[in-house]
Every structure is written in C-alpha cells, then in structure tokens.
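# Architecture and fold: a report
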Amino acid sequence: MTRWTGWMFLLGAVVAWMGWPLEAHALRIKEVAAVQGVRTNQLTGFGLVVGLDGTGDQTSNMAYTTQGMSNYLQQLGMTLPADAKLQMKNVAAVLVTAQLPAFAQPGQLIDVTVSSMGNAKSLRGGTLITTPLKGVDGEIYALAQGNMLVGGAGAGGGGSKVQINHLSAGRIPSGAQVERTVPTGFALGETIDLGLNSADFLTARRVADAINAKLGAGTASALDGRVVRLNAPADANARVGFLATIEEIQMEATVPAARVIVNTRTGSIVMNQAVTLGPCAVAHGNLSVSISSTPVVSQPNPLSGGQTVVAEKADIKITQEPGKVIQMDASPQLSDLVRMLNGLGATPQDLLAILQAIKAAGALNAELEVI
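What counts, and at which threshold
- Residues numbered from 1 in each chain as written.
- Predicted model: local features only at pLDDT ≥ 70, side-chain atom pairs only at ≥ 80, totals over all residues.
- Heavy atoms only, no water.
- UniProt positions renumbered as here; feature names shortened; annotations may be inferred.
- Helix = DSSP H or I, 4+ residues; strand = E, 2+ residues; numbered from the N terminus.
- Buried < 20%, exposed > 50% of the residue type's maximum accessible area, 1.4 Å probe, protein only.
- Contact = heavy atoms within 4.5 Å.
- Areas by Shrake-Rupley, 256 points an atom, 1.4 Å probe, with all protein chains shown as cover.
- pLDDT = per-residue confidence, 0-100.
- Pairing = 2+ DSSP bridges.
- Axes fitted to C-alpha atoms, helices over the stretch in contact; angles between N-to-C directions.
- Polar contact = N/O pair within 3.5 Å; in protein donor to acceptor, adjacent residues only side chain to side chain.
- Phe/Tyr/Trp six-rings, centres within 6.5 Å; stacked < 30°, edge-to-face > 60°.
- Lys NZ or Arg CZ within 6 Å of the ring centre and 35° of its normal.
- Expected span 1.5 Å × (residues − 1).
- Salt bridge = Lys/Arg side-chain N within 4 Å of Asp/Glu carboxyl O.
- Arc of directions from axis to C-beta.

Looking at an unreviewed UniProt entry, one finds the chain named Flagellar P-ring protein and attributed to Hydrogenophaga crassostreae. In its Sequence similarities (unreviewed entry) section, the UniProt record describing the chain reads: "Belongs to the FlgI family."

Right, dumping it as structure tokens:
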C-alpha cells in the first residue's frame, strides 16, 4: 500500500466512523463574524543586525548594507570618508515586519520577525539596532530593537556543511514598542457592522435572528451575505458590554458549501461533509516512459588520423498498463466517495485529473479548488 493510498484509506475509515451527518451544531457569533474596522495593521521597516560572528553579508558590494550603516553612523554624529571601504561580515541588512494589533496603545510591546535580505549566512546571535516600523501611509507606528532568536543551528568545515532549520530569519518577542495608535470608528456613529468570515446569506440571517431573539427585535439586520448591522449604544463603555454579550450568543451553524480542496504541491485532497457524487463511469490506466542511456566508444581505423569518440546510445521504452472502467453510483455521503476513489488506485496527480474530469462531466456536486 502506498503512502497516498494509505492516507486515503485512513480518511475513508475516519469518515465512515463519523458518519458525516449534515446536522447543524451551535456556534458562538464570535466564531463566524468580527467587528468591521477592528483589525490588525501590517508594519515593515529596513534595519541592520549587528554582532554576528562573521556570518553577515559576505561581500563589500552590498550597497544597501553599506548605505544603511553609513546612515546610522551619521545619526550618531560620525561621518565616514566617501572612499571608506566597510567590511560587513558582522552586519546583515534585514527587513523587519510586525502586526500592530487593534486598539494598540503607545508603550505596548509587540513581536517582530526579522528576515535577511542579503547573503548573510546566519543571523544567530545578532542584535537588531533601532528600526522604525512604518505603515502603508508612511508614518512610524513602532520602534523595534533587541536580540534575535533563531530556531536553527549550523556548522561547516573542510568543504562540508550541516544545517538544521532556517538561519536567515528569526523573531524578537516583544521586540517593538508602539509609538502611535491607529484611530478606529468603533465609538463613532449609531451602528456597528459585523463582517462574516465568509459570505453566506443563510449565516447572515441566522446571526441577525439570534441577536434579535436575545436582545430584542430591531437590534440587528442583515444587509447582505457578508454584513450584519447592529444598533449600538452611544456610550463607549456600554458598547463594550453590548459586543461582549453579542459575541457569546449561540446560533445554529449552517452546512458549508460543498468544496474539494486540492494541494498540487503536497498531493493532499480535503473534502467537506457536503460533497456528493452523481452517477458516472471512470476509466483509469497508467502510461510509463523509460529512457536508458548506454556509452558507446567509436574507434577509428589505424592510420586514418581519426580520434576515438565516446557517444551515447539512448533506448526508449513505453509501457501502457491496461485500464479498466469503474462505475460510480450516486453517492450521498463523503465516505462513499472516498471509498470509490480508493478503488481507482490513482496517484495524486491522476486523482486531480480524475476529479477535474468528473467535475466537468457534472457528476461532482462540489466546487473544486486547486491551491
């Protein structure tokens, strides 16, 4: 049994054991929706990591590393000669990224990720010097600085090298301090909009119905398949309690749209419980091509003045295994579909082509998404 077939068999066994009922279960509103406008913001900045043990940017023509160090030294009151040649083996140019949480206040600490942008061998043991982190508007929202945590290790010598995990990126926990807040419209206006995690009209209606049943008619109204509008209190403190109550309200979950997700890089296929199969017939066979190369020596005749030449002779063989037609009856449950696909004995690449063909034939009642 191949790894792929074994995985599909295990999935089929789990699905058959669970039965995959289409019964809805209860969810909290906070699990399907979030307040619009209350979101994180992406921050980024250019910085330098110093204190490396000869593992920084390896050549002197790294213009951004040299320019960045020169600019930093100028801020400290040191001016370098124009013809100065800096050796940057202990310095690495990096990009620093972070997420600014919603309602972040000045003085709050956030984590940052540091990634090498040059040819540094390792950032292990380095220290990030003060780096301003900017938003998309160009304003500085945080300052990052601190010692790097790199989750890898490496060693080399005599032409050999051993490395574990990744050495050119790391994190600094609580490595940035917030300097500016991002204004939100949370406390403004008479209404608050809830945005669903995925657009679905039935979910939007059930969210509004659950809120109205708990807090009274007219509290919530579904504007479309994504947005539910709430009539909120004017006082900021009352709004916090209002939303805290709404987030904990129980609602009936909806059955998701039938979908099959195929990852072509790993060969993984995931289906939800709503996938069904119509009657169809599938023929599957394998075609293999093998090419072998054999060295052939061409020896010239004596006194001919020719040269001995080594050539290659290629043999090509094509083998096609006999295919068979498999009838697939209508399948109301995912367990039946998995069992039928196991019977094909197909590779991940073949299975992807089969699913696409079944979908094109109108027998796969699901959306096929390739990632």
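## Remarks on the overall build of the chain
In terms of regular secondary structure, the chain is built from six helices and 23 strands. In the chain, which comprises 371 residues, the share counted as buried stands at 32%. For the chain, the proportion of contacts with a sequence separation of at least 24, taken over those separated by at least 6, is 69%. Carbon and sulfur atoms provide 54% of the accessible area of the chain, an area that totals close to 22000 Å².

## Overview of the confidence of the model for the chain
The predicted model of the chain has a mean per-residue pLDDT of 77, with 73% of residues at 70 or higher. Throughout residues 1-23 the model reports pLDDT below 50, and contacts reaching past four residues in sequence, or to other chains, amount to 29 contacts.

## Structural notes on the sheet that holds strand S6 (residues 127-134)
Within a beta sheet, neighbouring strands are joined by backbone hydrogen bonds and run either parallel or antiparallel to one another. Pairing in this closed barrel of six strands is antiparallel, and the strands run S3-S4-S5-S10-S7-S6 around the ring. Within the sheet, the average angular offset between the axes of one strand and its neighbour, ignoring direction, is 30°. Both strand S3 (residues 41-50) and S6 contribute to a ladder of three bridges, which runs antiparallel. Bridge pairing in S6 links Val-50 to Thr-127. Along the sheet, helix H2 (residues 63-75) makes contact with S3, strand S4 (92-100) and S6, crossing S3 at roughly 85°.

## Overview of the side chain of Thr-55
For Thr-55, the position within the fold is in the loop between S3 and H2. Separated by 2.9 Å, the side chain of Thr-55 and the backbone oxygen of Ser-122 make a polar contact. Discounting residues that sit within four places of it in the chain, Thr-55 has contacts with Lys-89, Ala-120, Lys-121 and Ser-122.

## Comments concerning the pairing of S3
Judged from the nine bridges that link them, S3 and S4 form a sheet pairing that is antiparallel. By the bridge assignment for S4, Phe-46 is matched with Leu-95.

## So, the sheet that holds strand S2 (residues 33-35)
On the basis of which strands lie adjacent, the open sheet formed by four strands has the order S2-S11-S13-S12 and antiparallel pairing. The open sheet is flanked by S2 and strand S12 (220-222), the only strands paired with a single partner. Each strand axis lies, on average, 30° off the axis of its neighbour in the sheet, ignoring direction. Against the sheet, helix H3 (residues 201-215) touches strand S11 (191-196), S12 and strand S13 (227-231), its axis set at about 170° to S12.

## What to know about the packing of aromatic side chains
Tallying each qualifying case throughout the model produces zero aromatic pairs. Taking the ring centre of Tyr-141 as reference, the NZ or CZ of Arg-180 above it sits at 5.7 Å.

## Quick word on H2
Counted at 1.5 Å a residue, the expected span for H2 with its 13 residues is 18 Å, and the 18 Å between its end C-alpha atoms agrees. Residues of H2 that are buried: Thr-65, Gly-68, Met-69, Ser-70 and Leu-73. Tucked inside the fold, the buried residues of H2 contact S3 and S4.

## Regarding the pairing of S6
Summarising the sheet, S6 and strand S7 (residues 140-147) pair through six bridges and their orientation is antiparallel. If you follow Leu-128 over to S7, its bridge partner there is Gly-146. Turn length for the S6-S7 hairpin, with the two strands adjacent in sequence and antiparallel, is five residues, and the turn residue Gly-138 shows positive phi of about 85°.

## As for the pattern of salt bridges
Once their charged atoms are close, side chains differing in charge can pair, the charge on each being opposite to the other. Counted by the stated rule, this structure contains eight salt bridges. Residues Glu-248 and Arg-28 are paired through a salt bridge, measuring 3.4 Å at the closest nitrogen-oxygen approach. Taken together, the residues span a long stretch of sequence, with Glu-248 in the loop between helix H4 (236-247) and strand S14 (250-252) and Arg-28 in strand S1 (residues 26-28) at a distance of 220 residues. Its relative accessible area of 40% is what places Glu-248 among the partly exposed residues.

## Describing the side chain of Thr-219
Turning to its location among the elements, Thr-219 is positioned in the loop between H3 and S12. Of the polar contacts made by the side chain of Thr-219, one reaches the backbone oxygen of Leu-215; its length is 3.4 Å. In contact with Thr-219, other than residues within four places in its own chain, are Ile-211, Asn-212, Arg-229, Leu-230, Asn-231 and Phe-242.

## Some details on H4
With 12 residues, H4 extends 17 Å between its outermost C-alpha atoms, agreeing within 8% with the 16 Å of an ideal straight helix rising 1.5 Å per residue. Taken together, the buried positions of H4 are Arg-239, Phe-242, Leu-243 and Ile-246. Along the axis of H4, the buried residues cluster in a sector spanning 90°; they form a single face. Where H4 starts, the residue carrying a side-chain oxygen 3.2 Å from the main-chain nitrogen of Asn-237 turns out to be Asp-235.

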